[in-house]
Amino acid sequence: MGRKENGRREHLIEEIDGLLGELSEENLSFLLRQAAVLVHNEKVDELNERMALAEAESPEAASPNGEGKNRPKRAHRVFFDRAGKRGHLFLQVGNARSIMDEAEVMALVRIAAKAPTQRAAADRLYRWFEANRDDILMESGLEKEGADMEALCRCLKNDFAIREG
């Protein structure tokens, strides 16, 4: 990091430090969680870059004609996080973060739970996003047959439950 970049970083740290005293305990807790997510995401991105570089340099990565193998794209980390407001959640897909209300999330949970296969769940979820929240498709890069959509299906099935009655 150059001197100019380091000076900017120090300035940003000072500005944040100056604002911390004005935040409530709840907001400080939220800020701490967000900082932890950002640090985690940076570490995951760094590891993914190292793995991609190692795979690209491995002998089996190149085909006889010199082109790389057609490998499926790895999924980003996909999860939901409680938002500051009651009744809202953040959908995190890699570094993209979108806010959704609980009714939307529960609609996705029902779609994923009722689908007979993972592929059917992914197709139905994609259609729901196209019809209702295409902004999330654009922001997150979710693709109909992508690894992130499969990860979202798993998240919805594993992390949420439908309560009867």
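Please refer to the structure placed before this passage.
All figures in this text were calculated on a predicted structure; none of them were measured in a lab. (Residues numbered from 1 in each chain as written. Predicted model: local features only at pLDDT ≥ 70, side-chain atom pairs only at ≥ 80, totals over all residues. Heavy atoms only, no water.)

Enquirer: How would you summarise the nonpolar core if you had to cite specific residues and measurements?
Expert: Judged by nonpolar contacts, the single largest core of 29 residues is most densely connected at Phe80, Leu91, Met100, Phe129 and Leu152. The contact partners of Met100, leaving out residues within four places of it in the chain, are Phe80, Gly87, His88, Leu89, Leu91, Val105, Leu108, Trp128, Phe129, Arg133 and Ile136. (Core = buried A, V, L, I, M, F, W, Y, C linked by side-chain atoms within 4.5 Å. Buried < 20%, exposed > 50% of the residue type's maximum accessible area, 1.4 Å probe, protein only. Contact = heavy atoms within 4.5 Å.)

Enquirer: Go over the packing of helix 3 (residues 102-114) against helix 6 (residues 147-159), please, and point to the residues and values.
Expert: Their axes nearest at 9 Å, the elements helix 3 and helix 6 cross at an angle of 95°. Between helix 3 and helix 6, the crossing angle belongs to the class labelled roughly perpendicular. Contact residues: helix 3 offers Val105, Leu108, Val109 and Ala112, while helix 6 offers Cys153, Leu156 and Lys157. Looking at the contact of helix 3 with helix 6, its residues break down into six nonpolar, no polar and one charged. (Axes fitted to C-alpha atoms, helices over the stretch in contact; angles between N-to-C directions. Helix = DSSP H or I, 4+ residues; strand = E, 2+ residues; numbered from the N terminus. Parallel < 35°, antiparallel > 145°, perpendicular 65-115°, else oblique. Nonpolar A, V, L, I, M, F, W, Y, C, P; charged D, E, K, R; others polar.)

Enquirer: I'd like a rundown of a nonpolar patch on the surface, residues and numbers included.
Expert: On the surface, Leu23, Leu28 and Leu31 cluster together into a nonpolar patch covering about 210 Å² of accessible area. Within the secondary structure, Leu28 is located in helix 2 (residues 25-57). On the basis of relative accessible area, Leu28 is assigned to the partly exposed category, the value being 34%. (Patch = residues over 30% accessible without salt bridge, like charges linked within 9 Å, V, L, I, M, F, W, Y side chains within 5 Å. Areas by Shrake-Rupley, 256 points an atom, 1.4 Å probe, with all protein chains shown as cover. Salt bridge = Lys/Arg side-chain N within 4 Å of Asp/Glu carboxyl O.)

Enquirer: A description of the side chain of Gln92 should follow, citing residues and the corresponding values.
Expert: You can see Gln92 is positioned in strand 2 (residues 88-93). Taking the relative accessible area as the measure of exposure, Gln92 reaches 3% and is therefore buried. A distance of 2.9 Å separates a polar side-chain atom of Gln92 from the backbone oxygen of Gly94. (Polar contact = N/O pair within 3.5 Å; in protein donor to acceptor, adjacent residues only side chain to side chain.)

Enquirer: Residue-level account of the sheet that holds strand 3 (residues 96-101), with values.
Expert: The antiparallel open sheet is built from three strands, whose spatial order is 1-2-3. Single-partner strands in this sheet number two, and they are strand 1 (78-82) and strand 3. The average angle at which neighbouring strand axes cross in this sheet is 25°, direction not considered. Of the strand pairs in this sheet, strand 1 and strand 2 are connected by five bridges, and their pairing is antiparallel. Counterpart to Asp81 in the pairing with strand 2 is Phe90. (Pairing = 2+ DSSP bridges.)

Enquirer: Before we move on, can you summarise the pattern of salt bridges with the specific residues and values?
Expert: Here the structure, examined in full by the defined rule, presents five salt bridges. For Arg119, the salt bridge is made with Asp123, and the minimal N-O distance between the two is 3.3 Å. Of the two residues, Arg119 and Asp123 both sit in helix 4 (residues 118-132), four residues apart, roughly one turn of that helix. Assessed through its relative accessible area of 32%, Arg119 is described here as partly exposed. When salt bridges that share partners are traced, they join Glu104, Arg133 and Asp135 into one network.

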